[in-house]
Amino acid sequence: MKQSRELGMNLVLLGAEMRAGRTMSDALGSLADRLGLDEARSFAAMLRQSIELGTDVGTALRVFSDEMRERRKIAFAPAVSAALIGCFAGGCLAPAGSSGFCW
């Protein structure tokens, strides 16, 4: 996938920046800026805060992943509702062989 390659290359840049002497906090901020995603900014902020406060990074990552999963569910819910309403209104219970099958 192109997205995975792009993320991988950005993570390589993150490591190179840190080897070149940038702080982890600065390198994470730079990663978030390069990716240009709100999720990446939230991820970088969460890691920075966890490192600066000395909290467990593993726990912070679990909480962050749970929150991202919930956001995706909430964002996806209207599409599911619309599909179900359209399915029932459109007659997805039509006889086999008809175009009424929903899933």
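Check the entry above for the structure.
The notes below deal with the structure included here. Nothing here was measured: the structure is a model prediction, and the numbers come from that model.

## Description of the overall build of the protein chain
Then, number 1: Counting its regular elements, the protein chain contains 4 helices and 0 strands.
Then, number 2: Counting the 103 residues in the protein chain, one finds 19% classified as buried.
Then, number 3: Split by element, the accessible area of the protein chain, about 7500 Å² in all, is 63% carbon and sulfur.

## A word on the nonpolar core
Then, number 1: Ranked by size, the top nonpolar core spans 11 residues in total: Leu14, Ala27, Leu28, Leu31, Ala32, Ala44, Met46, Leu47, Ala60, Phe64 and Met68.
Then, number 2: The set of elements that each furnish at least two residues to this core consists of α2 (24-35), α3 (38-53) and α4 (57-89).
Then, number 3: Tallying contributions element by element places α2 first for this core, with 4 residues.
Then, number 4: If we skip the residues at most four places from it in the chain, alanine 60 touches Met46 and Ser50.

## Digging into the packing of aromatic side chains
What characterises a pair of aromatic rings is the spacing of the ring centres plus the angle enclosed by the ring planes.
Then, number 1: Applying the stated criterion across every chain yields a total of 1 aromatic pair.
Then, number 2: Aromatic pair phenylalanine 43 and phenylalanine 64: ring centres 5.7 Å apart, planes at 55 degrees, arrangement tilted. Of this pair, phenylalanine 43 sits in helix α3 while phenylalanine 64 sits in helix α4; the two residues are 21 residues apart in sequence, bridging distant segments of the chain.
Then, number 3: For phenylalanine 43, a relative accessible area of 28% corresponds to the partly exposed category.
Then, number 4: Given a relative accessible area of 12%, phenylalanine 64 falls into the buried group.

## Looking at the pattern of salt bridges
Opposite charge on two side chains allows them to pair when their charged atoms are near.
Then, number 1: The final tally for this structure, using the stated rule, is 5 salt bridges.
Then, number 2: Note that lysine 73 is salt-bridged to glutamate 70, the shortest N-O span being 3.6 Å. You can see lysine 73 and its partner glutamate 70 sitting in helix α4, 3 residues apart, about one turn around the helix.
Then, number 3: If you follow the salt bridges from partner to partner, you end up with Glu17, Arg22 and Arg34 in one network.

## Observations concerning the side chain of serine 50
Then, number 1: Examined against the element boundaries, serine 50 turns out to sit in helix α3.
Then, number 2: In this view, serine 50 contacts Thr55, Asp56, Val57 and Ala60; residues no more than four positions away in its chain are not counted.

## Some points on the packing of α2 against α3
Then, number 1: Running from amino to carboxyl end, α2 crosses α3 at an angle of 170 degrees, the nearest separation of the two axes being 8 Å. For the element pair α2 / α3, the angle class is roughly antiparallel. Two secondary-structure elements touch here, α2 through Met24, Ser25, Leu28, Gly29, Ala32 and Leu35 and α3 through Ala40, Arg41, Ala44, Leu47, Arg48, Ile51 and Glu52.
Then, number 2: For the contact of α2 with α3, a count of residues per class yields 8 nonpolar, 2 polar and 3 charged.

## Quick notes on α2
An α-helix turns once every 3.6 residues. As a result, residues three or four positions apart point the same way.
Then, number 1: Between its terminal C-alpha atoms α2 stretches 16 Å, which fits the 16 Å expected from 12 residues at 1.5 Å a residue.
Then, number 2: Among the residues of α2, those classed as buried are Ala27, Leu28, Gly29, Ser30, Leu31 and Ala32.
Then, number 3: Glycine 36 sits one or two residues past α2 and shows a positive phi near 65 degrees.

What counts and what doesn't
Residues numbered from 1 in each chain as written. Predicted model: local features only at pLDDT ≥ 70, side-chain atom pairs only at ≥ 80, totals over all residues. Heavy atoms only, no water. Helix = DSSP H or I, 4+ residues; strand = E, 2+ residues; numbered from the N terminus. Buried < 20%, exposed > 50% of the residue type's maximum accessible area, 1.4 Å probe, protein only. Areas by Shrake-Rupley, 256 points an atom, 1.4 Å probe, with all protein chains shown as cover. Core = buried A, V, L, I, M, F, W, Y, C linked by side-chain atoms within 4.5 Å. Contact = heavy atoms within 4.5 Å. Phe/Tyr/Trp six-rings, centres within 6.5 Å; stacked < 30°, edge-to-face > 60°. Salt bridge = Lys/Arg side-chain N within 4 Å of Asp/Glu carboxyl O. Axes fitted to C-alpha atoms, helices over the stretch in contact; angles between N-to-C directions. Parallel < 35°, antiparallel > 145°, perpendicular 65-115°, else oblique. Nonpolar A, V, L, I, M, F, W, Y, C, P; charged D, E, K, R; others polar. Expected span 1.5 Å × (residues − 1).

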